[in-house]
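Results of the structural survey
Each chain, letter by letter, is given below.
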Amino acid sequence: MTRPMTMAEKILAAHAGLPEVHPGQLVECDLDLVLANDITAPIAIDVVEDLGGGVWDADRVCLVPDHYAPNKDIKSAEQTKKMRDFAHAHSITHFWEQGRAGIEHALLPEQGVVVPGDLVIGADSHTCTYGALGAFSTGVGSTDAGVGMATGRAWFRVPETLRVQVEGRLAPDVSAKDVILHIIGTIGVDGALYQAMEFGGSAISDLSVEGRLTIANMAIEAGAKAGLFEVDEKTEAWLAGRTQRPWTAYSPDPDASYARTLVIDAADIVPTVAWPHLPSATRPVSESRHVAVDQVVIGSCTNGRIEDMREAADVLEGRQVAPTVRCIVIPATQEVWRQCVIEGLMDIFLDANCVISTPTCGPCLGGYMGILAEGERCVSTTNRNFVGRMGAKSSEVYLASPAVAAASAVAGSIAAPADLD
């Protein structure tokens, strides 16, 4: 009889070909997918070449130009070209050229590339996003990604699991972004260090898959190795029509052993802002209204999906961005961009005097499309607000939901939608 296991333990055991695993155990696993982008892929490609030049499975390697794409300068063009040439030379199935692509962690779920039960590594820290679909996915260095591309295998130390239960019903003005900011504010940026976060509870079940993707995306901001959600009817509906791949839904055993269990009352979660310079420096919007802002960014792998665009548009409709603020809207993929056009959201953004960008990570990492000058402040729906994250070292980034970001753009200072009435 095997020991009771968490979701993370079950997925790792299955991919290691073992009946059971336990926290701290080193295991070598078969991978389902390996991901890299225009920044990290060139280094991984060098590793593949050093190992003989071949990839283990052209259908299981994913290459996405998104961080500096469309290319912002000669260096970024060279990076992308190296990835493009490699993809064509090895007939990589999942290489998305600019015009077909988008931000990687929005694109792969949208395209049905990741399915429940997968074991995924990616040369980007926010690869943990796919845990929303019941996969174990985690960020690695480019060297590990290169080895994974060449061999289809990787070593893991089985993590402990932190169980997070959010019980009750969220208030109508509280979003998934507020939930994860509240959690990180509660446990800190190292509160789940090298642990898997397993999310559950009635409030989590009520969330859409897009909301769960937002929460899983920011598990790394609590130090977590992965963030996982059980598969339910919402997950199955999301997958329907997106993928032909067979998949396995793993659920934790009722008597699984956790490092700790954190129970949160949904009624305690309010619209929240993470102040500079950590995602854990959270305060309610109600305590942040005095902070004037110069820029607002609505997009990213955290909050650039169609649900996020609708949330922002609901606030911006019939209003205009304050004359002291520039508001940059970045749909996460081409399909999200198209849906914004179909639903008339683009007209709302244009009428509100927003800048609308092609899909890109761009300003999130201080790349381009919204660099901050000395002393400037930005409210952003992205995932990190470290020193100099979006530009000058003296600039400041405040993390928030799309609704709060949009309201702040209108008000000229941090605000919730209710403040505009």
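Coordinates for the structure precede this section.
So, a few notes on the structure that sits alongside this text. (Residues numbered from 1 in each chain as written. Predicted model: local features only at pLDDT ≥ 70, side-chain atom pairs only at ≥ 80, totals over all residues. Heavy atoms only, no water.)

Considering the pairing of strand β7 (residues 153–157)
Our working definition: Between buried and exposed lies partly exposed: a residue is buried under 20% and exposed over 50% of the maximum accessible area for its type, with that area taken using a 1.4 Å probe on protein chains only. Put simply, DSSP H or I for four residues or longer makes a helix, DSSP E for two residues or longer makes a strand, and each gets a number counted from the N terminus. Should DSSP find at least two bridges between two strands, the strands are regarded as paired.
Here β7 shows a buried face lined by A154 and F156 and an unburied face lined by R153, W155 and R157. Alignment of strand β1 (residues 26–30) against β7, held across 5 bridges, turns out to be antiparallel. Directly across from D30, in β7, lies its bridge partner R153.

A short note on the sheet that holds strand β9 (residues 195–200)
Strands belonging to one sheet form pairs held by backbone hydrogen bonds; the direction of such a pair is parallel or antiparallel. Our working rule: Helix axes use the C-alpha atoms of the stretch in contact, all axes being lines fitted to C-alpha atoms, and the angles between their N-to-C directions lie in the range 0 to 180 degrees. Any two residues having at least one pair of non-hydrogen atoms within 4.5 Å are treated as being in contact.
Across the sheet, 4 strands lie side by side as β10-β9-β8-β11; this open sheet has parallel pairing. The open sheet has two free edges, formed respectively by β10 (226–229) and β11 (260–265), since each of these has just one partner strand. For this sheet, the mean angle separating the axes of adjacent strands, direction not counted, is 20 degrees. Examined bridge by bridge, strand β8 (residues 160–167) and β11 share 6 bridges and lie parallel to one another. Paired with V166 across the bridge in β11 is I264. On the sheet, helix α1 (residues 7–16) packs against β8, β9 and β10 and is oriented at approximately 100 degrees with respect to β10.

With respect to the nonpolar core
For the record, the criterion: Within this scheme, the nonpolar core is defined by two criteria: the residues are buried Ala, Val, Leu, Ile, Met, Phe, Trp, Tyr or Cys, and they are joined through side-chain atoms within 4.5 Å.
Residues V164, V166, I183, M197, F199 and I215 are the most contacted members of the largest nonpolar core, which totals 45 residues. In terms of residues, this core owes the most to one element, helix α6 (residues 176–187), which gives 7 residues. Counting residues in each nonpolar core, the second largest holds 39 residues, with I306, M309, V315 and L345 among its members.

A word on the packing of helix α11 (residues 306–316) against helix α12 (residues 334–342)
Counted only if it meets this: For classification purposes, angles smaller than 35 degrees are called roughly parallel, those larger than 145 roughly antiparallel, those between 65 and 115 roughly perpendicular, and all remaining angles oblique. Definitions for this section: a left-handed crossing has its near helix turned counterclockwise from the far helix by less than a right angle. A right-handed crossing has that turn clockwise. Any residue outside Ala, Val, Leu, Ile, Met, Phe, Trp, Tyr, Cys, Pro, Asp, Glu, Lys and Arg is labelled polar, Gly included; the first ten of those are nonpolar and the last four are charged.
It is the contact of α11 with α12, at a shortest axis distance of 9 Å, that shows an interaxial angle of 40 degrees. One finds that α11 runs oblique with respect to α12. Every pair of crossing elements has a handedness; the one defined by α11 and α12 is right-handed. Facing α11, whose interface residues are I306, M309 and R310, α12 presents V336, Q339 and C340. Here the contact of α11 with α12 is composed, by residue class, of 4 nonpolar, 1 polar and 1 charged.

Section: the sheet that holds strand β2 (residues 33–37)
Strand order across the open sheet formed by 5 strands is β4-β3-β2-β5-β6, with parallel pairing between neighbours. Taken across any chain shown, the strands that pair with only one partner, and hence form the sheet edges, are β4 (94–95) and β6 (136–139). Two elements, strand β3 (residues 61–64) and β4, share 2 bridges in a ladder whose sense is parallel. Directly across from C62, in β4, lies its bridge partner H94.

Quick word on the side chain of T6
Relative to the helices and strands, T6 resides in the segment before α1. With sequence-adjacent residues up to four places away left out, T6 is seen in contact with T161, E198, P252, A256, S257 and Y258.

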